[in-house]
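# Observations on the three-dimensional arrangement
For reference, the chains in residue letters:
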Amino acid sequence: MKRIILPLSLIAFTLGAQAQNEIKEKFNPVRTAVISQTIAADARGAAMGDVGAATEADVHSQNWNPAKYPFTVSRAGFAMNYTPWLRQLTEGIALVNAVGYARLGDYQAVSGSIKYFTVGEVPTPTAGVVRPYEYAVDVAYSRLLSERFSAAVALRYMYSDLTGRYNDDLTPGSAVAADVAMYWNNYIFLGRRECALNLGLNVSNLGSKINFGSNYSYFIPTNLRLGANLLIPVDEYNKFSITAEANKLLVPSLPLRKDGESNEDYKQRVLSDYNDLSPISGVFKSFSDSERGFKGELEEIQWSVGAEYIYNDKFALRGGYHHESEAQGNRKYFTFGAGFKMNVLNIDAGYVVATTPSNPLDQTLRVTLSFDMDGIRELFGRRGR
C-alpha cells in the first residue's frame, strides 16, 4: 500500500516539508486525492499569484470561474498550457491543460477543458517502471442573468491511476463533480476615471469521493474561491489592474491523535469523524473542525494578490504573491510573468520565486498558447478576398 501511494505522497506531503521544527505539532494540512485539480493550469493566472475568480474574462476562465465567459470580447477561443511541476524534487511530473469556449449569441456560452497530470516514471519492485497519471474532463454552461451578472454550472469527470496498475489489490479511481460559479461586473468612478470592478465566486468539485479499491474513499478537492478585481485605465494605451483572492478547501481536516489515546480508539474516531463523512457533510464540517479553533480555520485559507499592466491590449506584465500558512504547507511565493498578444495568437509565461527555504515550487515555469478564433476567421477572410 505504501509503495502504491508513493507518487501521491511525494507530491502532497513534500509541499510542507520545509515547515519549521517549532510548528511540527500543529502541522495538519487538509488532505485530498486528485491533487492535480489544485494546480494553477494557465500562465496568466499563475503569474498573478494564482488568481482568476474575478479577473477579466479570457479563454482560461474555465479553470477559475466559467461564469466569466459571457463577458469575453472574442466569441470563441482555445488554449494549451504546459507546466513542469516540482522540478526541484524530481523529473517527469507535469500538467498539460487544454481549454476552449464558444459564445452562443450575446448572453450565453459553452466551454470545456481537459487536464492530464503525469507523475513520470516510478520504479516498482515487481512490475518494473510504471507511469501513474490523473486526468479530468469538464464542460460548462454560462449565461448572463442581467447586464452585470452571470452564472455558470460545470460538470467534471476525474480519473486517477496512481498505482500504474501493477497491484491487483488497488484499482484506479474515478469521481464526478460539479462547479457553481458567479461573476459580477460593474463600473465605478475613481476621480475622473471610469474603472471596472469585478467580483467572482466559484465553488468547484462538489461531488463524490474517490475510491482506489480500499475500505474507504478519499475526499476530492472541493474548493471555495472568492475574488475581487479592479481595472484602472490610465490613458488610451495603458491600463492597470489589481486583484485579491481567498481560496479554501471545503474538505474536513484529518483528526489529530490526542495525548494518551490508544491506536484503536484513534482509528475508530478517524473512521466515524472523517472517513465515514459524506462529501456534503464534509463541506459543512470544513468550516468548524480545526482543532486549533477559529485561528486554525483562518490558517486553512490561502490568500493571493496580483497585478497586471497592459499596453495597447498587446503586451502585459504581471506579478503577484501567494500565501499559505505554515500549518497547511507553507507555500509562500512571488510570481512574475508576461504576455504578448497578436491578432490570432497569445503567448503567456509565468514564473515562481519561493520565499521559503527548499520550497519545491521554486522556479516553476508555465507557458501558455492561446488562439483567438475571431482573429483566425478574420485572417482567413482576408486571404479569401
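Parameters at a glance
- Residues numbered from 1 in each chain as written.
- Predicted model: local features only at pLDDT ≥ 70, side-chain atom pairs only at ≥ 80, totals over all residues.
- Heavy atoms only, no water.
- Helix = DSSP H or I, 4+ residues; strand = E, 2+ residues; numbered from the N terminus.
- Buried < 20%, exposed > 50% of the residue type's maximum accessible area, 1.4 Å probe, protein only.
- Contact = heavy atoms within 4.5 Å.
- Areas by Shrake-Rupley, 256 points an atom, 1.4 Å probe, with all protein chains shown as cover.
- Pairing = 2+ DSSP bridges.
- 1 Å grid on protein atoms, 1.4 Å probe; cavity = no way out; pocket = protein on both sides within 12 Å on 5 of 7 lines; lining within 4 Å.
- Points joined across faces, edges and corners; volume = space filled by probe spheres on them.
- Nonpolar A, V, L, I, M, F, W, Y, C, P; charged D, E, K, R; others polar.
- Salt bridge = Lys/Arg side-chain N within 4 Å of Asp/Glu carboxyl O.
- Core = buried A, V, L, I, M, F, W, Y, C linked by side-chain atoms within 4.5 Å.
- Polar contact = N/O pair within 3.5 Å; in protein donor to acceptor, adjacent residues only side chain to side chain.

### Side note on the overall build of the protein chain
A count of helical and extended segments in the protein chain gives seven helices and 16 strands. Each of the 385 residues in the protein chain was classed as buried or not, and the buried ones make up 51%. Taking contacts inside the protein chain between residues at least 6 apart in sequence as the whole, the part at least 24 apart equals 59%. By element, 59% of the accessible surface of the protein chain is carried by carbon and sulfur atoms, the whole surface being about 18200 Å².

### Side note on the pairing of strand 15 (residues 345–354)
The pairing of strand 14 (residues 333–341) with strand 15 spans nine bridges and is classified as antiparallel. Its bridge partner lying in strand 15, Phe-340 is registered against Ile-347. Count of turn residues in the strand 14/strand 15 antiparallel hairpin: three residues. For strand 15 and strand 16 (residues 365–372), the ladder comprises seven bridges, and the chain directions are antiparallel. In the strand pairing of strand 16, Ile-347 is matched with Leu-369.

### Quick notes on the layout of surface pockets
There is about 1100 Å³ of room inside the second largest pocket. Together, 46 residues line the second largest pocket, and Glu-56, Ala-57, Asp-58, Val-73 and Lys-341 are the ones closest to its centre. With four residues, the top contributor of residues to the lining of the second largest pocket is strand 9 (residues 193–207). Considering only residue class, the lining of the second largest pocket consists of 21 nonpolar, eleven polar and 14 charged.

### Some details on the side chain of Ser-290
When you line up the elements, Ser-290 lands in the loop between helix 5 (279–285) and helix 6 (293–299). In this structure Ser-290 comes out as buried when scored by relative accessible area, which is 15%. Residues within four places of Ser-290 in sequence aside, it is in contact with Gly-296, Glu-297 and Glu-300.

### Describing the pairing of strand 14
On a regular strand, one side chain projects to one face of the sheet and the next to the other, so that they alternate. The pairing of strand 13 (residues 315–323) with strand 14 spans eight bridges and is antiparallel. Within the sheet, the bridge partner assigned to His-322 lies in strand 14 and is Tyr-333.

### So, the environment of Ala-178
Inspection of the secondary structure assignment puts Ala-178 in strand 8 (residues 173–190). Along the chain, Ala-178 and Asp-138 lie 40 residues apart, while their C-alpha atoms are 8.8 Å from each other.

### Description of empty space enclosed by the protein
All told, the structure shown has four cavities of 30 Å³ or more when counted by the stated rule. Approximately 120 Å³ is the volume found for the largest cavity. Lining of the largest cavity is provided by 15 residues; of these, Asn-28, Ser-253, Ser-290, Glu-291 and Arg-292 occupy positions nearest its centre. The residue makeup of the lining of the largest cavity, split by class, is four nonpolar, five polar and six charged.

### Considerations on the pattern of salt bridges
Evaluated as defined, the whole model comprises 13 salt bridges. A salt bridge links Glu-308 to Arg-318, with the shortest nitrogen-to-oxygen separation between them at 2.6 Å. Placement of the pair is Glu-308 in strand 12 (residues 301–311) and Arg-318 in strand 13, with a sequence separation of ten residues. Neither residue differs from the other here; Glu-308 and Arg-318 are each classed as buried. For Arg-318, the salt bridge goes to Asp-348, with nearest N and O atoms at 2.9 Å.

### Here's the deal with the nonpolar core
In terms of nonpolar packing, the biggest core is built from 13 residues, with Trp-85, Ile-93, Phe-117 and Leu-361 touching the most fellow members. By size, the runner-up hydrophobic cluster in this structure holds nine residues, among which are Val-34, Ala-136, Ala-177 and Ile-210.

### Topic: unusual backbone geometry
With phi around 50 degrees, Val-34 is a residue other than glycine that occupies positive phi space. Residue position: Val-34 is located in the loop between helix 1 (6–14) and helix 2 (43–47). Taking the relative accessible area as the measure of exposure, Val-34 reaches 1% and is therefore buried.

### Structural notes on the side chain of Asn-81
Its place among the elements puts Asn-81 in strand 1 (residues 76–84). Residue classification places Asn-81 among the buried residues on the basis of a relative accessible area of 3%. Polar contacts involving the side chain of Asn-81 include one to the side chain of Thr-83, which spans 2.9 Å. When sequence neighbours within four positions are dropped, the list of residues in contact with Asn-81 reads Ala-41, Asp-42, Ala-43, Leu-95, Val-96, Asn-97, Arg-366, Val-367 and Thr-368.

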